[in-house]
Amino acid sequence: MNALPQSADFAPPEAAAKAPAIRLERLGKTFDPAVGPVLDDISLTVGQGDIYGIIGRSGAGKSTLVRCINRLERPTTGRVLVADRDITALAGAELRSARRDIGMIFQHFNLLSSRTVAGNVALPLEVAGLSRAEIAGRIPPLLDLVGLADKAASYPSELSGGQKQRVGIARALATNPSVLLCDEATSALDPETTEQILSLLRDINRRLGLTIVLITHEMQVVRDIASHVAVLERGRLIEEGVTFDVLAFPKSAVARSFLSGLVAHELPPPVERRLRAAPGPDTDPVLRIVFSGDYAHQPVIADLIHRFPVEPNILFGRIDYVGDRPLGVLTLALGNGEAHLSAIVGHLAALGLHAEVIGHVSRLP
Ligand SMILES: Nc1ncnc2c1ncn2[C@@H]1O[C@H](COP(=O)(O)OP(=O)(O)OP(=O)(O)O)[C@@H](O)[C@H]1O
């Protein structure tokens, strides 16, 4: 990507402004009282400079939530504060001014096909009332920022999906917002282009101190880029926290199911079917061990065999990376393990590993 222009237009938000970037206070939204709330009593805080992922199934309320943040939707109850300003209370010119501080990009880019790349990026600046000369000065550094310096005169139809989203990002950043909302911004892109756009967003976040809220149904997007994550289910916030912690120790079944295929919290069905709650005469205990951070590369199986008269058998496992931090989940059946179980769990805890007995499996003949 091209070097970031040294323009005052791209100065990071003032360090003195210590208020959270966004605060949702008991946010609720009901379109149709007969259907019930689409968003129900949601409170969360997005810190300045965070990349905050909101994940949920189709219909969970993600788009509505993000549209409440820039007041494309009016909340039915509760408040939305952006940089400590209650935007639920704003109207007219004040609301338009507050919106200029919140950029947004969309799954299908929403570019005007009749305008060139430069013309699309100019649009919010025209709406904001900047002069032609001011606009002409702002476009090149914006296109440079997103790696499209040579495409100013191209039309959207001449661009790839990834390039179109880069135009969307330049347009969203044109008014120098402190918050960028991303509504399924990579869902229409192939995996390689997704990675490039996520990398651009990460880069912009770091360089400009821009706060990013992204909604997605893809957990790998959250894993790859988000510092924090919230899980929405049927309009309710069911889980929230630092991404690594939610991925390592998901509390809800919904979060665990989003993680399947990413972190090995759930067993493959053939193994799951063998699992019983209580031990029997021919069963071995099943231990799930979560390895994180510094402990991810411990030679745990060798250590267990060395210390205890057990025969560990790997049922399922995988090590993944959340940002730069390794996160592994390993599920073992412990042959001869019943008698030593509490000692083993205690030993693993002393090593800083999280271990829990999740059931018992019958020994295979
Ligand atoms: N303008 C509207 N009028 C009535 N109902 C709406 C409106 N917008 C959204 N809804 C309803 O609100 C619920 C949540 O929709 P929303 O688009 O916020 O979910 P989502 O999690 O973003 O889903 P998807 O991933 O499919 O876009 C859905 O049941 C939807 O039908």
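Residues numbered from 1 in each chain as written. Predicted model: local features only at pLDDT ≥ 70, side-chain atom pairs only at ≥ 80, totals over all residues. Heavy atoms only, no water.

K.L.:
Just to check I follow, could you spell out the overall build of the protein for this structure?
P.N.:
Of regular secondary structure, the protein possesses 12 helices and 15 strands. Counting only C-alpha atoms and orienting by the principal axes, one finds that the protein spans roughly 80 × 50 × 40 Å. Sequence separation of at least 24 residues holds for 71% of the intrachain contacts in the protein that already meet a minimum separation of 6. As presented, the protein carries roughly 16700 Å² of accessible surface, and 51% of it is formed by carbon and sulfur atoms. Looking at the protein, you have 37 positive and 40 negative side-chain charges, and the mean spots of the two groups are 4 Å apart. (Helix = DSSP H or I, 4+ residues; strand = E, 2+ residues; numbered from the N terminus. Contact = heavy atoms within 4.5 Å. Areas by Shrake-Rupley, 256 points an atom, 1.4 Å probe, with all protein chains shown as cover. Lys, Arg positive; Asp, Glu negative; His and termini not counted. Charge placed at Lys NZ, Arg CZ, Asp CG, Glu CD.)

K.L.:
Hey, could you run me through the domain arrangement of the protein in this one?
P.N.:
Reports of interface size often rely on the accessible area that becomes lost once the parts have come together. The domain architecture assigned to the protein consists of domain 1 (20–259) and domain 2 (269–362). When each unit is reduced to the centre of its C-alpha atoms, the spacing between domain 1 and domain 2 is 40 Å. Contact with domain 1, which involves 6 residues of that partner, is made by 12 residues of domain 2. The contact between domain 1 and domain 2 buries some 740 Å² in all, and 73% of this surface belongs to carbon and sulfur atoms. Interface area lost by domain 1 to domain 2 is led by Arg223, Phe244 and Phe249, which between them contribute 74%. Connecting domain 1 to domain 2 are 1 salt bridge. (Domains from an automatic or database assignment. Buried area = accessible area lost by both parts, 1.4 Å probe. Salt bridge = Lys/Arg side-chain N within 4 Å of Asp/Glu carboxyl O.)

K.L.:
Help me understand the site of the ligand in this model?
P.N.:
Contacts to the ligand come from Phe31, Val38, Arg57, Ser58, Gly59, Ala60, Gly61, Lys62, Ser63 and Thr64. Measuring from an oxygen atom of the ligand, one finds a backbone N or O atom of Ala60 at 3.1 Å. Within the side chain of Thr64, a nitrogen or oxygen atom sits 2.5 Å from an oxygen atom of the ligand. (Near = heavy atom within 4 Å. Polar contact = N/O pair within 3.5 Å; in protein donor to acceptor, adjacent residues only side chain to side chain.)

K.L.:
Would you mind showing me how to read empty space enclosed by the protein here?
P.N.:
Regions of empty space are outlined by a rolling probe, equal in size to a water molecule, passed over the atoms. Considering all chains together, one arrives at 1 cavity of 30 Å³ or more under this definition. What the largest cavity holds in volume is close to 60 Å³. Along the walls of the largest cavity sit Cys182, Glu184, Ala185, Thr186, Ser187, Leu198, Leu201, Leu214, Ile215, Thr216, Glu218 and Val221, which together make up its complete lining. Sorting the residues of the lining of the largest cavity by element identifies helix 6 (191–208) and strand 8 (211–216) as the ones contributing at least two each. (1 Å grid on protein atoms, 1.4 Å probe; cavity = no way out; pocket = protein on both sides within 12 Å on 5 of 7 lines; lining within 4 Å. Points joined across faces, edges and corners; volume = space filled by probe spheres on them.)

K.L.:
How should I be thinking about the pattern of salt bridges in this particular structure?
P.N.:
Should their charged atoms come close, side chains of opposite charge can pair. Under the definition given, this model contains 16 salt bridges. For Arg23, the salt bridge identified is with Glu25, shortest N-O distance 3.2 Å. The shortest N-O distance in the salt bridge between Arg26 and Asp41 comes to 2.7 Å. Of this pair, Arg26 sits in strand 1 (residues 22–29) while Asp41 sits in strand 2 (residues 39–46), placing them 15 residues apart in sequence.

K.L.:
How should the nonpolar core be read in this particular structure?
P.N.:
Residues Ile169 and Leu201 are the most contacted members of the largest nonpolar core, which totals 55 residues. Ranked by residues supplied to this core, first place goes to helix 6 with 6 residues. Residue assignment places this core across two domains, with domain 1 (20–259) and domain 2 (269–362) each supplying three or more. In contact with Leu201, not counting residues within four places along its chain, are Ile105, Ile169, Leu180, Cys182, Ile212 and Ile225. Residues Ile22, Val46, Met104 and Val179 belong to the second largest nonpolar core, which totals 29 residues. (Core = buried A, V, L, I, M, F, W, Y, C linked by side-chain atoms within 4.5 Å. Buried < 20%, exposed > 50% of the residue type's maximum accessible area, 1.4 Å probe, protein only.)

K.L.:
Even after reading the chapter, I still don't get the packing of helix 3 (residues 117–127) against helix 4 (residues 132–145), so can you show me in this structure?
P.N.:
A packed helix pair is summarised by two numbers, namely the angle formed by the two axes and the spacing between the axes. The geometry of helix 3 relative to helix 4 is characterised by a closest axis approach of 10 Å and an angle of 125° between their N-to-C directions. When the axis of helix 3 is compared with that of helix 4, the two are oblique. Crossing hand, helix 3 versus helix 4: right-handed. Of the residues in helix 4, those touching helix 3 at Val117, Ala118, Val121, Ala122, Leu125 and Glu126 are Ile135, Arg138, Ile139, Leu142 and Leu143. Classifying every residue of the contact of helix 3 with helix 4 gives 9 nonpolar, no polar and 2 charged. (Axes fitted to C-alpha atoms, helices over the stretch in contact; angles between N-to-C directions. Parallel < 35°, antiparallel > 145°, perpendicular 65-115°, else oblique. Left-handed = near helix turned anticlockwise from the far one by under 90°. Nonpolar A, V, L, I, M, F, W, Y, C, P; charged D, E, K, R; others polar.)

K.L.:
Where do I start with the pairing of strand 13 (residues 311–322) in this structure?
P.N.:
The side chains of a regular strand alternate, residue by residue, between the two faces of the sheet. Here 11 bridges tie strand 13 to strand 14 (residues 325–335), and the two strands are oriented antiparallel to one another. Across the sheet, Asn313 pairs through a bridge with Ala333, a residue of strand 14. (Pairing = 2+ DSSP bridges.)

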